[in-house]
Amino acid sequence: MAKRTFGTNPWTKPGSTSAPPTKVIARPRRTAEVQAYLPEFFRGMAVTMKHFFKNTKEMVLGQKPDPVIESLNDGVTTISYPEERRPYAERFRGLHRLTLRDDASPRCVACLCCSTACPAQCIHIEAGEYEEGDPRRGYERYPKTFVIDELRCVFCGFCVEACPCDAIRMDTGMHATPYDSREQFIYRKDLLMEFTGRDGSRKTANTRHEPGDPTHPGLTREQGEH
Amino acid sequence: MSLVELVLTVVKILIIVMFFLNMAALSTWADRRQGAMVQDRVGPNRAVVPLPNMVARGIVLLPPALFGVLSIFTSLGEVTGRLALERTTVNVQLAIFVTWLSLLVLCAKVRSGGAINRAERVFEDVDPRSIFFAGLGVHALGLVAMRFVTPQGAPMAAKITGFVLGAIFLIVGFYATSRVPEGPIPLRLAGTLHALADSIKMIWKEDFIPKNGDKVLHGLAPILTVFSAVVVAAVLPFGNDLCFADGNRNGTLDFSDLGNLVATVPATGQCTGFRVPLQIADLNVGILYVFAMTGTGIIGAAIAGWASDNKFALLGGLRAASQMVSYEVAMGLSLVGLFLVYSTVRMGEMSAWQGQHAWGIFVQPVGFFLFLAAVCAETKRVPFDQPEGESEIVAGYFLEYSGFKWGMFMTGEYIELVFSSALLVALFFGGYNLPFLHPDGLTVAFGDTVLFQYKMTHLAVSVISVLAFFGKTILVTWVQVFFRWTLPRFRYDQLMKLGWTKLLPLAIANMMVTAVIVVALRNAGPAAESWLKLLGDISQGLVAVLTLAGTVALVVGLLEPVERHKFLVTSSARFAAALGGVKPTAQEA
Ligand code: SF4
Ligand code: SF4
C-alpha cells in the first residue's frame, strides 16, 4: 500500500511524510436501540415536556425574560404585541407631524424646502398669503394644503432636516398603521397638526419669535424699507 | 326499551357528545398552545371579547352566589349516617379550597395592581407560595379533624359546614364583584376563545366546490368523517355502573326509582336493584364495533380525495386509505392478547376486570405500544400524517375544502384524537377505575393484608369514577398532542414497512406468547392465583405512588422561583432597559 501523503504539500513542507491527524467520524450505526425507536421517543418527549413546563411556568409566574432587555437565558422571547410594545429608540423616525405656534396655527411657512428635499416626492404643499391686516402678511406665507402620502414616504427624514423652522417633525413615535385603502394613507394638514410628539406636546422645543415681538432677532418689515 | 331507559340513554349520549365536541375544540387550541410553549412562542391568545361591565360583574358574581345559595339550601335538609360524614368532609375541603384559592388570587391582584384598603395591604408582603402551602396544610388538618366527628354529631356538622361553605362562597363572590374594574372587561380565557372565533369564522367563509368535482360526494365526505369519529364513542364505559333500588316495588325501573340511588354497594359491585351502566350501548361485540366504525372513516378520507378533482387531494386520499387499511390490521391484532387476558370483548367488563386485577398496561405492555402506534396512524396525526403532508401534497385529501366542511374534517380529526385517548384509557389505563378504589370505598390492600380502609357511599364512588375517566382521557390527550411537537414525520415507505413488517409480526408474536402464558396460568392452581393477585395489587400501588410523586414534583417544580441574571449587551438593549423594557411588571416574582 502506498504511503499516504494527502494533506501535505511537498513544496512547503518537504520533510513531512506522515499524514496529519485526521478526525474520523464514525458513521452512525443502526443499533437495536435506534431501531426500536422507543428510547429515542421517550428522550424526545422528555425534551419537549421540559421546555413546555419551563416556558409555561415562566409565563404563568410572569417571569419570562424581557425580550427587549437582552438576557442570556432562554425562554419565551416573543412579545404579546398590542399589549407589550418594543420601546422605539429615541431617534426613531415615525409618522410626521406639523408643529404649532402659540396661537395653534402651523409653524410651517410654506417654503417648500421639505417637498423639494423629499426623495420620494410625497409632500405636496400649496402656499397661501395671510389675510389682509395680519402682521405676517407679506412677511411669510402659510400652507393652504399640506399633504403627505405616507405610503410613498421612505422615512428618510430629509424633510425634517430641510425644514428651516422646525415645522415638520417625525417624533410622534407612531409607525405607519395598516389601512384598507390607499386613500387613507394620504395624511392632510389637519391630521398632521393633530399628532403630538412623544412628550405629548404639539409644539417644538425651539422657541419662535414672531415678527414684531421684541424678542425677534432678525429683520422686521419696518427695518426692511428702503 | 322503556321510556326511562330511553331518557337515560339520551342523557348519556348528551354527556359523551358534549365532552367530545368540547374537548375537540379545546384540543385544537391546546395543540397550538402546547406547540407555542414548547417552541418559545406566545401562541394563540389573541381572541378577546370585550364584555360590558355589568355582564362581567354578573359572570363574576353568579357562579359563587349560585354555589353559595345551593350549599345553604342543601344543608337545610336532613342527612344521616355515612352520607352526613361524607358531606361534612366535602364541605370542609371545599371551604378550605375556595378560601386559599381566593386569597391566592387576591394576593396576586394586590401585588400586580396595588392594595385598595387596609385589609388588602396585609397581602403586599405575602409570598403567594406561602398561601398555597398553608392551604395544603389546612387541607390535611381538615382531614385529620374529620376523625373527631362522631356519627351522632355528623348531621349537625354537615349542616354547620354547609352554611359556612355557603357564606364563604357569597363573601368571595361579592368581594370579587366589587373588585371588577370599571369599563368594558376584555374576556380572553387564555386564548380558548380562539377556537370559538375560528368556528364562527368558518361558518361565514365561502363554501368552495371545485368546478369538475363531484358535488354530492364532496359534501358527503366530511359528514362521513365526523360521523365515524362520533359514533364509536357509544361503547365507551365512562363510569361505575349505577345501582338503583326498586322504590315502589313494581319490578321495573321507572322515573320514581331514579331518586333511589342505593346508599352503598359491596366491594364486589353486586347490585340487587336495577343496574344502569354508564355506557351508551353495552354491545356484546364491544371493541369490534369500534374497529368496524373507525373503518368507515377511511371512506370519508378516500371520497374526499376523489371528489375534489385535484391530483394532490387524490394522492392524499390514496395515502389515507392505504395507511388506515394497513394499520387497521395491526390495531386489531395488537389487542387480541388483551382479549385473551380479559376473556371478553365487552368494554364494560374490560374496565371492571382492570379495577379488580391490574391495569391493561401492566398485563400487556407490548400490546400497549403496538396499539398506541397503530392508533396514532389511524388518527392520521404526526408522525403518521402523510395523507396531509404540507410539504409534498399541500393539505392532502381536504385540500379543496373550505369553510365549515374543512372545519368538519378538522373537528373530526380532533374528536378522533380524544376518542383514541378515551380508548387507550378504557383498554390500558384502568378505564374509570382508580387504584384501590373499590365500589364500597377506598381499600389499600396487598394480597390479604389490609393496610387502610375508608368506606364511601355509592354516589361518591360513582362521581369519582366518572371524573377519573374524563380526567384520564384529558391527560392522555395532552400526552398525545406532545407526539406532534416531538416526532418528525415518517417517510411513506417507512410507514408501510413499519405497519406490515414490524407491527404486524410483533402483534402476532405477542398474541401467541400471551396465549401460552394465559393457558399456563389458568392451569397453575390457587397458589399462582394468589401471587397474581398480589402482583396486581403491587401494580396498583405503583400507579398510586407514581401519580402522587409526579404531582408533587410538578407542583414543587412549578412553584420554584426562577433565578435570572440580566445582561445588557447592545446599546439598544440599554436604551430599552432605561425605558423599562416591554414588561409592565418586574422580572423577579
Ligand atoms: S421622510 Fe423622506 S420620504 Fe418621507 S416625506 Fe420626509 S423627505 Fe419625503
Ligand atoms: S414644513 Fe418646513 S420645509 Fe416644509 S414647507 Fe413648511 S417650513 Fe418649509
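Please refer to the structure higher up on the page.
These notes cover the structure that comes with them. (Residues numbered from 1 in each chain as written. Chains lettered and ligands numbered in written order. Predicted model: local features only at pLDDT ≥ 70, side-chain atom pairs only at ≥ 80, totals over all residues. Heavy atoms only, no water.)

The helix and strand inventory of chain B stands at 20 helices and seven strands. Rg of the C-alpha trace for chain B: 27 Å, near the compact-globule value of 25 Å for 589 residues, within the 12% margin. With respect to the principal axes defined by its C-alpha atoms, chain B has extents near 80 × 70 × 50 Å. Counting all 589 residues of chain B, 45% fall into the buried class. As displayed, chain B offers around 29100 Å² of accessible surface, 73% of which is attributable to carbon and sulfur atoms. Chain B carries 42 positive and 38 negative side-chain charges, and their two centres are separated by 6 Å. (Helix = DSSP H or I, 4+ residues; strand = E, 2+ residues; numbered from the N terminus. Rg over C-alpha atoms; globule rule 2.2 N^0.38 Å. Buried < 20%, exposed > 50% of the residue type's maximum accessible area, 1.4 Å probe, protein only. Areas by Shrake-Rupley, 256 points an atom, 1.4 Å probe, with all protein chains shown as cover. Lys, Arg positive; Asp, Glu negative; His and termini not counted. Charge placed at Lys NZ, Arg CZ, Asp CG, Glu CD.)

Once that is clear, we can look at the sheet that holds strand 7 (residues 449-455) of chain B. Residue and element names in this part refer to chain B. The three strands are arranged 5-6-7 in an open sheet whose pairing can be described as antiparallel. Because the sheet does not close on itself, it has two edges, and the strands there are strand 5 (437-438) and strand 7. In terms of strand pairing, strand 5 meets strand 6 (residues 441-446) through two bridges, oriented antiparallel. Within strand 6, the residue paired with H438 across the bridge is G441. (Pairing = 2+ DSSP bridges.)

What follows concerns the pairing of strand 3 (residues 141-149) of chain A. Residues and elements named next belong to chain A. Across seven bridges, strand 2 (residues 123-129) lies against strand 3 in antiparallel orientation. Residue I123 lies in a different strand from strand 3, and its bridge partner there is I148. Summarising the sheet, strand 3 and strand 5 (residues 186-187) pair through two bridges and their orientation is antiparallel. In the strand pairing of strand 5, I148 is matched with Y187.

Moving on: the nonpolar core. Counting 82 residues, the largest nonpolar core has F20(B) and L427(B) as the members making the most contacts within it. The next biggest cluster of nonpolar side chains, apart from the first, holds 23 residues, and it includes C114(A), F146(A), C163(A) and M170(A). (Core = buried A, V, L, I, M, F, W, Y, C linked by side-chain atoms within 4.5 Å.)

A separate point is the packing of aromatic side chains. Under the counting rule described, the total for this entry stands at 33 aromatic pairs over all chains. Aromatic pair Y130(A) and Y142(A): ring centres 5.1 Å apart, planes at 35 degrees, arrangement tilted. One end of the pair, Y130(A), is in the loop between strand 2 and strand 3; the other, Y142(A), is in strand 3, with 12 residues separating them in the sequence. On the accessibility criterion, Y130(A) (8% relative accessible area) is buried. Considering the side-chain rings of F238(B) and F470(B), the 5.8 Å spacing of their centres and the 25 degrees angle between planes classify their relative orientation as stacked. Here F470(B) lies in helix 17 (residues 458-486) and F238(B) lies in the loop between helix 8 (215-231) and strand 3 (239-244), a separation of 232 residues in the sequence. Of the two residues, F238(B) and F470(B), both sit in the buried class. Among the aromatic residues, those joined into a ring-pair cluster are F41(A), F42(A), F368(B), F369(B), F371(B), F428(B), F429(B) and F483(B). Positioned above the aromatic ring of W485(B), the side-chain terminus of R484(B) is 5.3 Å from the ring centre. (Phe/Tyr/Trp six-rings, centres within 6.5 Å; stacked < 30°, edge-to-face > 60°. Lys NZ or Arg CZ within 6 Å of the ring centre and 35° of its normal.)

All names here are of chain A. Here E183 is to be found in the loop between strand 4 (168-169) and strand 5. Each C-alpha atom of the pair E183 and L151 lies 9.6 Å from the other, and the pair is 32 residues apart in sequence. Here R188 takes part through its side chain, which lies 3.0 Å from a polar atom of the side chain of E183. (Polar contact = N/O pair within 3.5 Å; in protein donor to acceptor, adjacent residues only side chain to side chain.)

This part covers the site of ligand 2. Ligand 2 sits among 14 residues. The nearest are C108(A), C111(A), L112(A), C114(A) and C163(A). When its residues are assigned to classes, the shell around ligand 2 shows 14 nonpolar, no polar and no charged. (Near = heavy atom within 4 Å. Nonpolar A, V, L, I, M, F, W, Y, C, P; charged D, E, K, R; others polar.)

Turning next to a nonpolar patch on the surface. Nonpolar side chains collect at one region of the surface, where L3(B), L6(B), V7(B), V11(B), I15(B) and F255(B) lie side by side and expose about 510 Å² of accessible area between them. Mapped onto the elements, V11(B) comes out in helix 1 (residues 3-38). (Patch = residues over 30% accessible without salt bridge, like charges linked within 9 Å, V, L, I, M, F, W, Y side chains within 5 Å. Salt bridge = Lys/Arg side-chain N within 4 Å of Asp/Glu carboxyl O.)

Bringing the site of ligand 1 into the picture now. Surrounding ligand 1, one finds 14 residues, the nearest of these being C118(A), C153(A), C156(A), G157(A) and C159(A). Residues of the shell around ligand 1, tallied by class, amount to 12 nonpolar, two polar and no charged.

With antiparallel pairing, the three strands of this open sheet are ordered in space as 2-3-5 (chain A). Each of the sheet's edge strands pairs with one partner strand only, and the pair in question is strand 2 and strand 5 of chain A.

All names here are of chain B. All told, the structure shown has 22 salt bridges over all chains when counted by the stated rule. Close ionic contact of D207 with K405 constitutes a salt bridge, the shortest N to O distance being 3.5 Å. In this pair, D207 is assigned in the loop between helix 7 (193-204) and helix 8 and K405 in helix 16 (residues 403-428), connecting sequence segments 198 residues apart. Look at D207 and you get partly exposed, because its relative accessible area is 43%.

All names here are of chain B. Among the secondary structure elements, S326 is positioned in helix 10 (residues 311-334). Taking the relative accessible area as the measure of exposure, S326 reaches 5% and is therefore buried. In this structure S326 touches M496 and W500, once residues within four positions along its chain are discounted. Within the structure, the side chain of S326 is placed 3.2 Å from the side chain of W500, a separation counted as a polar contact. (Contact = heavy atoms within 4.5 Å.)

Turning next to the packing of helix 8 of chain B against helix 16 of chain B. Residue and element names in this part refer to chain B. Where helix 8 contacts helix 16, the two axes come as close as 9 Å, and the packing angle between them is 20 degrees. Relative to helix 16, the element helix 8 lies roughly parallel. Along this stretch, helix 8 crosses helix 16, giving a crossing that reads as left-handed. Contacts between helix 8 and helix 16 involve H218, G219, A221, P222, I223, T225, V226, A229 and V230 from the first element and K405, M408, F409, G412, I415 and E416 from the second. Among the residues making up the contact of helix 8 with helix 16, the classes are represented as nine nonpolar, four polar and two charged. (Axes fitted to C-alpha atoms, helices over the stretch in contact; angles between N-to-C directions. Parallel < 35°, antiparallel > 145°, perpendicular 65-115°, else oblique. Left-handed = near helix turned anticlockwise from the far one by under 90°.)

Quick look at helix 14 (residues 365-378) of chain B now. Residue and element names in this part refer to chain B. The end-to-end C-alpha distance of helix 14, which contains 14 residues, comes to 20 Å, matching closely the 20 Å that a straight helix rising 1.5 Å per residue would cover. In terms of burial, helix 14 is largely enclosed, as 11 of its 14 residues are buried. Every buried residue of helix 14 is listed here: G367, F368, L370, F371, L372, A373, A374, V375, C376, A377 and E378. Those residues of helix 14 that are buried lie in contact with helix 9 (287-307), helix 10, helix 13 (360-363), helix 16, helix 17 and helix 18 (492-522). One or two positions beyond helix 14, positive phi appears at K380, with a value near 55 degrees. (Expected span 1.5 Å × (residues − 1).)

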